[in-house]
Amino acid sequence: MEKGLCKPQGEEPWRVLEFYSGIGGMRYSLERGGVNAKIVEAFDINNIANDVYEHNFGHRPYQGNIQSLTAADLDRYRAHAWVLSPPCQPYTRQGLQKHSGDARALSFLKILELMKHTLHPPLMLFVENVVGFETSDTHEQMIEILSKTGFVTQEFILSPVQFGVPYSRPRYFCLVMKDAGMSLNSGLMQGLFVGSDAKRKPALFQKQHFNNQLLSTLSPLFGHEDDTLTDEHDQSEIWDKLLQSCEPVERFLEFKNAINPLETNSSYVDTLTITTDASGELDNHERDRSDGNSWDQFSVPLSLIERWGSAMETIDIVYPDSKRCCCFTKSYYRYVKGTGSLLATGQSRNDKAASLEEQCLRYFTPREVANLHSFPKDFHFPQHVNLRQRYALLGNSLSVAVVAPLLTYLFTQPSEL
């Protein structure tokens, strides 16, 4: 894919509405993808997430209830694209899987309904969610609305591992584009191009033969043939190759020496100024972590290891030279099992006789989790955001390494246009 095609000469930036903006992962992805875009408004109901967004971008997202928006409200922005990362809880394996019956799904469905009534509908949409969304009735309703309003889709399930990042976080993505076969004079397209945008041509996917398909391949993004994940036997072999091609975890750590935090890695170091919550507790592990600047706050206490006993063997433990770690959820650091990997800093992975105590287990720091999400080095948390909140916000965020090329692909027009 030719870099820069998504920055057409002589045209104004794409006007983008960013729904469920969180801590800015989608905006960072637009920047990393080289998309000539202007965020005309961001929306998020979480005031702490908005503090972080404002701290990094100098703009505070709209904090009202998205369900209170009207079609006229959205028309005022005259946005070319809507990017959305709606709540994932209705579709997670650990949740109740109520799908559209979950109250947290209502705002997303409301936005889709509003689109049918706007005078200036978006030309493109981008939706991110957890794996499982694609089998939900919310997805079914989304596809029905998009089809009836003249859109085509290309859907993906991709993981950072496919982009060389040692982070297993598969996610669902839906790229949506107005069907260019529709007449510009039709009611659905009326008013879409106004003013300086009148010269803009209808958008087309670069690889139109992938329209209305669900893919797990990078082929549309980079133009090469890719037989990724073709059958069950090949999946295992290809996945092994992908893992071997990943950077080691140590490249994403905050310190060169995982044992000695005083030896910093200037590529990733971030100021660790952590504040506690009102109770002074930072987790449920029966430990006092009131010293906000203590490296010890990231170590897994012996009392926790003893309490879990043999069940600790079910915890995902990785090493600095590992080529994979598990997905970090918003409950990381509060709970151990199923919330993300722990880092062994005391022994080699080859020393199978080493006890859990000898492995000197610790949590990944928030900066390290941000690195694995491929957030830029200049991303920071405001000092008043405590440790639990940092992990929760990162757990709800997205992988910039995955989303950036998807957005580049979405916003890049075929060269013959």
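Up top you'll find the structure we're talking about.
Residues numbered from 1 in each chain as written. Predicted model: local features only at pLDDT ≥ 70, side-chain atom pairs only at ≥ 80, totals over all residues. Heavy atoms only, no water.

Okay, the overall build of the protein next. The secondary structure content of the protein amounts to 11 helices and 10 strands. Sequence-distant contacts in the protein: of pairs separated by 6 or more residues, those separated by 24 or more amount to 69%. (Helix = DSSP H or I, 4+ residues; strand = E, 2+ residues; numbered from the N terminus. Contact = heavy atoms within 4.5 Å.)

Once that is clear, we can look at the nonpolar core. Counting 76 residues, the largest nonpolar core has Phe 126, Phe 364, Leu 407 and Phe 411 as the members making the most contacts within it. Here this core gets nine residues from one element, more than from any other, and that element is helix α11 (residues 400-411). Each residue touching Phe 126, except ones within four places of it in the same chain, is listed here: Met 26, Trp 82, Val 83, Leu 84, Phe 173, Cys 174, Leu 175, Val 403, Leu 406, Leu 407 and Leu 410. Membership of the second largest hydrophobic core comes to 27 residues, among which are Trp 82, Ile 111, Leu 114 and Phe 151. (Core = buried A, V, L, I, M, F, W, Y, C linked by side-chain atoms within 4.5 Å. Buried < 20%, exposed > 50% of the residue type's maximum accessible area, 1.4 Å probe, protein only.)

By the element assignment, Thr 365 lies in the loop between β10 (361-363) and α9 (366-372). Filtering out sequence-adjacent residues up to four positions away, Thr 365 remains in contact with Glu 254, Trp 295, Phe 298 and Tyr 391.

What follows concerns the sheet that holds strand β6 (residues 171-178). Sheet architecture is open: seven strands sit in the order β2-β1-β3-β4-β6-β5-β7, paired in mixed fashion. Pairing within the sheet leaves two strands with one partner each, and these edge strands are β2 (37-43) and β7 (214-215). Lying on the sheet, helix α4 (residues 106-115) is in contact with β1 (14-19), β3 (81-84), β4 (124-130) and β5 (151-158); it crosses β3 at an angle near 170 degrees. (Pairing = 2+ DSSP bridges. Axes fitted to C-alpha atoms, helices over the stretch in contact; angles between N-to-C directions.)

For the pair α4 and helix α5 (residues 137-148), the least separation of the axes is 10 Å and the interaxial angle reads 10 degrees. One finds that α4 runs roughly parallel with respect to α5. Seen from α4, the contacting residues are Phe 108, Leu 109, Leu 112, Glu 113 and Met 115; seen from α5, they are Thr 138, Gln 141, Met 142, Ile 145 and Leu 146. Of the residues contributing to the contact of α4 with α5, the split by class is seven nonpolar, two polar and one charged. (Parallel < 35°, antiparallel > 145°, perpendicular 65-115°, else oblique. Nonpolar A, V, L, I, M, F, W, Y, C, P; charged D, E, K, R; others polar.)

As a further point, take the sheet that holds β10. Taking strand neighbours across the sheet as the criterion, the three strands line up as β8-β9-β10 in an open arrangement whose pairing is mixed. The open sheet has two edge strands with one neighbour each: β8 (317-318) and β10. Looking at chain direction, β8 and strand β9 (residues 342-344) are connected through two bridges and run parallel. Across the sheet, the residue bridging to Val 318 is Leu 343, located in β9.

A full pass over the atoms with the stated rule returns 23 aromatic pairs. The interplanar angle of 65 degrees and the centroid separation of 5.4 Å between the aromatic rings of Tyr 28 and Phe 375 together place this pair among those described as edge-to-face. A residue pair is termed long-range when its members are at least 10 positions apart, and Tyr 28 in helix α1 (residues 25-32) and Phe 375 in the loop between α9 and α10 (387-395) qualify at 347 residues. By relative accessible area, Phe 375 is classed as buried at 5%. Taken together, a centroid distance of 4.8 Å and an interplanar angle of 75 degrees make the contact between Phe 328 and Tyr 332 edge-to-face. Of the two residues, Phe 328 and Tyr 332, neither departs from the other in class, the shared state being buried. Put simply, the rings of Tyr 167, Phe 328, Tyr 332, Tyr 333, Tyr 363, Phe 364 and Tyr 391 pair up and form one aromatic cluster. The aromatic ring of Phe 151 is capped on one face by Lys 178, whose charged end is 4.0 Å from the ring centroid. (Phe/Tyr/Trp six-rings, centres within 6.5 Å; stacked < 30°, edge-to-face > 60°. Lys NZ or Arg CZ within 6 Å of the ring centre and 35° of its normal.)

According to the stated counting rule, one finds eight salt bridges in the structure shown. Notably, a salt bridge pairs Arg 324 with Asp 316, separated by 2.8 Å at the nearest N-O pair. On the accessibility criterion, Arg 324 (25% relative accessible area) is partly exposed. A salt bridge links Glu 368 to Arg 362, with the nearest nitrogen and oxygen atoms 3.0 Å apart. Judged by its relative accessible area of 0%, Glu 368 falls in the buried class. Given the relative accessible area of 4%, Arg 362 is considered buried. Through salt bridges that share partners, Asp 51, Glu 54 and Arg 60 make up one connected network. (Salt bridge = Lys/Arg side-chain N within 4 Å of Asp/Glu carboxyl O.)

The residue Tyr 20 is not glycine, and still its phi comes out positive at about 55 degrees. Its location among the elements puts Tyr 20 in the loop between β1 and α1. Look at Ser 374: it is not a glycine, yet its phi comes out positive at around 65 degrees. Examined against the element boundaries, Ser 374 turns out to sit in the loop between α9 and α10. By relative accessible area, Ser 374 is classed as buried at 11%.

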